[in-house]
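A look at the structure
Listed below, chain by chain, are the residues.
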Amino acid sequence: MMYRSLFPRDVLSELDRLQREMQQGLHLSPSIRGIARGGFPAMNVGGTAKSVEIYAFAPGIDPATLDVQIEKSVLTVAGERRLEPPGEKATVHIDERFAGRFRRVVTLPDDIDPNAVEAKYRDGVLRITIARKADAQPRRITIQ
Amino acid sequence: MSENTAVSKPDTRDDAALLPPVDVIEDASGITLYADLAGVPKDKLHLHVEGDALTIEGDVDLEIPAGMESNHAEVSLARYRRVFTLSKELDSSKVGAEFKNGVLKLSIPKAEHAQPRKVQVKVL
């Protein structure tokens, strides 16, 4: 099941995003696994000189059921989101929240250290921090 | 209960917010609303009822390391907001709220006079 458009926003910021995406699309060739929008959980990816940071917005999940794997610089986040079923005589007026199994895959840069991974779940956000290999970090070279 | 799209205040750019996905379920006792507000800590969740408008607002607070550059962002605003119009039979003074792991559960009971009553049908 596809997750309905993640978090629709007001028209102006939506146009803004469209413009940004078109610019990016013209300059960058997309990754082979693509950057799928509209999947669950929504993901933000960023990086510092020392680490790669992944934020997965997966509210209402028991962290013990989350499955995070790294294999050859491909990160997979999988799990299942179970929602309380409505009572027998209840009427569902709005049904937008994602339910069911999910799996998202992210390609990581080459310089990460797959043994130095940390994952935390707080306020419904899974944060995965992967350290970059020490020898890949920029070093200052002293001039003699 | 219906969703209010006509916000009275004009939305400025700084005011842009994400629309959190919700489930709204009604049974005999009232309405239960679930909203996904991932990344919002308890102290940054704001709920208010003004007249018949219920506003859910929350600010996202992620631990972001210094100097992080974003490569890809699907959640690109740090605020959620959604406004609902409550109908008259709901008792807005008795709204119950639970917030756990980024999921808000609101229970809005029906006012006593609006509780469903069974109407006896007499067969003549």
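Residues numbered from 1 in each chain as written. Chains lettered and ligands numbered in written order. Predicted model: local features only at pLDDT ≥ 70, side-chain atom pairs only at ≥ 80, totals over all residues. Heavy atoms only, no water.

This brings us to the pattern of salt bridges. As enumerated under the stated definition, the model contains 20 salt bridges over all chains in all. Its salt-bridge partner being A:Arg81, residue B:Asp36 comes within 2.6 Å of it at the nearest N-O pair. Placement of the pair is B:Asp36 in strand E3 (residues 30-36) and A:Arg81 in strand E4 (residues 74-81), with the two residues belonging to separate chains. Summarising the burial analysis for this pair, B:Asp36 and A:Arg81 share the class buried. Linking B:Asp23 and A:Arg97 is a salt bridge whose minimum nitrogen-to-oxygen distance equals 3.4 Å. Here the residue B:Asp23 occupies a position in strand E2 (residues 22-27), and A:Arg97 occupies one in the loop between strand E5 (91-95) and strand E6 (100-107), the pair thus bridging two chains. We note that B:Asp23, like A:Arg97, is buried. What you see here is one network of salt bridges that share partners, running through A:Glu53, A:Glu118, A:Lys120, A:Arg122, A:Asp123, A:Arg127 and B:Glu63. (Salt bridge = Lys/Arg side-chain N within 4 Å of Asp/Glu carboxyl O. Helix = DSSP H or I, 4+ residues; strand = E, 2+ residues; numbered from the N terminus. Buried < 20%, exposed > 50% of the residue type's maximum accessible area, 1.4 Å probe, protein only.)

It is common to give the size of an interface as the accessible area lost on bringing the parts into contact. Contacts between the two partners involve 46 residues from chain B and, on the opposite side, 48 residues from chain A. Both sides of the chain B and chain A interface together cover about 3900 Å² of buried area, and 52% of this is carbon and sulfur. Scanning the region where chain B abuts chain A turns up nine salt bridges. Where chain B meets chain A, there are 23 residue pairs in polar contact (both at pLDDT 80 or more). Contributing elements (two or more residues each) for the side of chain B that touches chain A: E2, E3, strand E6 (69-73), strand E7 (79-85) and strand E9 (103-109) of chain B. Per-element tally for the side of chain B that touches chain A: the top contributor is E2(B), with six residues. By residue class, the composition of the side of chain B that touches chain A is 27 nonpolar, eight polar and 11 charged. Two strands pair when backbone bridges link them, and E5(A) and E2(B) are joined in this way by four bridges, in the antiparallel orientation. (Contact = heavy atoms within 4.5 Å. Buried area = accessible area lost by both parts, 1.4 Å probe. Polar contact = N/O pair within 3.5 Å; in protein donor to acceptor, adjacent residues only side chain to side chain. Nonpolar A, V, L, I, M, F, W, Y, C, P; charged D, E, K, R; others polar. Pairing = 2+ DSSP bridges.)

Residues and elements named next belong to chain A. Strand order across the open sheet formed by three strands is E3-E4-E6, with antiparallel pairing between neighbours. The open sheet is flanked by strand E3 (67-71) and E6, the only strands paired with a single partner. Averaged over all adjacent pairs, the angle separating strand axes in this sheet is 15°, with direction ignored. Where E4 lies against E6, eight bridges are found, and the strand directions are antiparallel. In the strand pairing of E6, Val 77 is matched with Arg 104. (Axes fitted to C-alpha atoms, helices over the stretch in contact; angles between N-to-C directions.)

Membership of the largest hydrophobic core comes to 28 residues, with the highest contact counts inside it found for A:Phe57, B:Leu33, B:Leu37, B:Ile56, B:Tyr80 and B:Leu104. Counting residues per element, the ones that place at least two in this core are strand E2 (51-57) of chain A together with E2, E3, strand E5 (53-59), E7 and E9 of chain B. A:Ile54, A:Leu66, A:Ile128 and A:Ile130 belong to the second-largest nonpolar core, a separate cluster that totals 20 residues. (Core = buried A, V, L, I, M, F, W, Y, C linked by side-chain atoms within 4.5 Å.)

Our focus in this paragraph is the environment of B:Glu69. In this structure, B:Glu69 sits in strand E6. When sequence neighbours within four positions are dropped, the list of residues in contact with B:Glu69 reads A:Gly46 and A:Gly47.

On to the sheet that holds strand E7 (residues 112-122) of chain A. On the basis of which strands lie adjacent, the open sheet formed by five strands has the order E7(A)-E8(A)-E2(A)-E1(A)-E6(B) and antiparallel pairing. Lying at the two open borders of the sheet, with one neighbouring strand each, are E7 of chain A together with E6 of chain B. Across the sheet, the mean angle separating the axes of adjacent strands is 20° when strand polarity is ignored. Here strand E1 (residues 42-47) of chain A pairs with E6(B) via four bridges, running antiparallel. Note that in E6(B) the partner of A:Gly47 across the bridge is B:Glu69.

Before going further, it helps to spend a moment on the side chain of B:Arg82. Turning to its location among the elements, B:Arg82 is positioned in strand E7. Residue class for B:Arg82 comes out buried when judged on its relative accessible area of 4%. At a separation of 2.8 Å, a polar atom in the side chain of B:Arg82 contacts the side chain of A:Glu96. A polar atom in the side chain of B:Arg82 sits 2.7 Å from the backbone oxygen of B:Pro20.

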